[in-house]
Amino acid sequence: MGYVPEPPPSGHPTWRAYWAAAGVPEAELPAGAGDIPESIIDPAGRGPRVWFQQVPEPKIVKNRLHFDLKVGGGRDVPLDVRTQRVRTTVERLVKSGATVLRIKDEPDMGLYAAALQDPEGNEFDVV
């Protein structure tokens, strides 16, 4: 997506330090919260900020939110170009810890996509 980790506000080495300075009680900050960025931003400022909230409980049911990362470019882009874009993105995500669950290779329908899972078990598609 081209996003980057959101840096903490100026003058604070981490988000946790910022939250502490803002008066958030330590009891409300789980271990590790804010020690590394939990949000990503579009460096060009066009896309929305995305925050990944940590929760203490493990995944036990289907996702309540599902992401489709649309990297192919849409149906106006030739299928072979979209396929290569998806494959390139999938390779990068696998190197970052994602697991490929299945590939949807349906050239008769003009579709090439991949279903992946992040290290915590959340599923998402790359199309």
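About the criteria used
- Residues numbered from 1 in each chain as written.
- Predicted model: local features only at pLDDT ≥ 70, side-chain atom pairs only at ≥ 80, totals over all residues.
- Heavy atoms only, no water.
- Helix = DSSP H or I, 4+ residues; strand = E, 2+ residues; numbered from the N terminus.
- Pairing = 2+ DSSP bridges.
- Expected span 1.5 Å × (residues − 1).
- Buried < 20%, exposed > 50% of the residue type's maximum accessible area, 1.4 Å probe, protein only.
- Arc of directions from axis to C-beta.
- Contact = heavy atoms within 4.5 Å.

- An unreviewed UniProt entry lists the protein chain under the name VOC family protein, with Streptomyces marokkonensis as the source organism.

1. Notes on the environment of Ile-103
Here's step 1: Relative to the helices and strands, Ile-103 is located in strand 5 (residues 99-106).
Here's step 2: Sequence separation of Ile-103 and Ala-113 is ten residues, and the distance between their C-alpha atoms is 6.0 Å.

2. Brief notes about the sheet that holds strand 3 (residues 50-51)
Here's step 1: Strand order in this open sheet of three strands is 1-2-3, and the pairing throughout is antiparallel. Looking at the sheet topology across the chains shown, the edges are occupied by strand 1 (4-5) and strand 3.
Here's step 2: Inspection of the sheet shows strand 1 paired to strand 2 (residues 39-41) by two bridges, in the antiparallel sense. Bridge pairing in strand 2 links Pro-5 to Ile-40.

3. Quick look at helix 2 (residues 79-95)
Side chains three or four residues apart in an α-helix point the same way, a direct result of the helix having 3.6 residues per turn.
Here's step 1: The end-to-end C-alpha distance of helix 2, which contains 17 residues, comes to 24 Å, matching closely the 24 Å that a straight helix rising 1.5 Å per residue would cover.
Here's step 2: Within the sequence span of helix 2, burial applies to Arg-82, Thr-83, Val-86, Thr-89, Val-90 and Leu-93. All buried residues of helix 2 lie within an arc of 135 degrees about the axis, which places them on one face of the element. Opposite the buried face of helix 2, at more than 90 degrees from it, the exposed residues are Asp-80 and Lys-95.
Here's step 3: Lining the buried residues of helix 2 we find strand 4 (67-69), strand 5, strand 6 (111-117) and strand 7 (123-126).

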